[in-house]
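Analysis of the macromolecular model
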Amino acid sequence: MNEDSTAAVDRTRRTAPGKLRAESRKLFRRLAALRPGTREHADARDALVELNLPLVHFVAGQYRSSPTPQDDLEQVGTIGLIKAVDGFDPDRGLEFTTYAVPKIRGEIQHYFRECGWAMHVPRRLQELRLKLGKATDELTQTCGRQPTTATLADHLGLDESEVREGVLAGLAYNTTSLDTQFDDQGDAAPALLKTIGAPDSALEKADNLMALKPMLERLDDRDRTILGLRFCSGMTQVEIGAEMGLSQVHVSRILIRTLARLRKDMLVDA
């Protein structure tokens, strides 16, 4: 930044808002007279951005209720300010602050919509969440307590179901890692992933077992006992034969016959 631009910024920091606007107009006139791409043009542009950074602080401060760090919001807002400096036309007679504030706010809101969410949420719900956050802050200051769903709905002219939908959508803004440990259990605490249930393959067999129950009851005691020893106790055919006083071949034939009968009954009942 050259000496003229630096001096302009330093003077502006000590001036009233009216003089600040005047200094901005002066810098914009200087910027228009310089050739883009030159060092002087870049310095004047940087001076305008630095001069108007309080606008970024002001707009970002309106989103204090957001979980996004204020520094991040100010960085995003500065991008909007730079775009405003590049797109502003002093000849239109509009004050730069009037032009820049919507640009800064729009950049921050775009960040919320596109980058700040851990999960995809429709734009309507993203904007509703912002409205709810702002209304909650206002009503908390006014009433001295957190507003109820009914109060928020009345304040914003919404149905209570819409307010609940917006609050629920806000839960998608931040997510928790499955590697997160429970704070109240120290370093040895299990990760959240360890507390989540997994599919139980045994549940898939429940329906078949319920269907088999009456069929098993129709078997004679010997056949039912041999099935139990084989598939519940995990005994081999030789071990079953020794237990039942039968040969391994006889046990095999009984199992084959019994299983075929059960399969046939299952298909008939299906």
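Bear in mind that the values here come from a model prediction, so they are computed numbers and not experimental data.

This part takes up the environment of Arg64. Within the fold, Arg64 resides in the loop between α4 (53-60) and α5 (70-87). In this structure Arg64 comes out as exposed when scored by relative accessible area, which is 67%. The spatial distance from the C-alpha of Arg64 to the C-alpha of Lys134 is 9.0 Å, given a sequence separation of 70 residues. A distance of 3.0 Å separates a polar atom in the side chain of Arg64 from the backbone oxygen of Gly61.

This paragraph deals with the pattern of salt bridges. Evaluated as defined, the whole model comprises 8 salt bridges. Its salt-bridge partner being Arg222, residue Asp223 comes within 3.8 Å of it at the nearest N-O pair. Residue classification places Asp223 among the buried residues on the basis of a relative accessible area of 5%. For the salt bridge of Asp223 with Arg257, the shortest nitrogen-to-oxygen distance reads 3.2 Å. Here Arg257 lies in helix α14 (residues 248-269) and Asp223 lies in helix α12 (residues 221-231), a separation of 34 residues in the sequence. Counted as one network, the salt bridges with shared partners bring together Arg222, Asp223 and Arg257.

Reading the values: rules and limits
- Residues numbered from 1 in each chain as written.
- Predicted model: local features only at pLDDT ≥ 70, side-chain atom pairs only at ≥ 80, totals over all residues.
- Heavy atoms only, no water.
- Helix = DSSP H or I, 4+ residues; strand = E, 2+ residues; numbered from the N terminus.
- Buried < 20%, exposed > 50% of the residue type's maximum accessible area, 1.4 Å probe, protein only.
- Polar contact = N/O pair within 3.5 Å; in protein donor to acceptor, adjacent residues only side chain to side chain.
- Salt bridge = Lys/Arg side-chain N within 4 Å of Asp/Glu carboxyl O.

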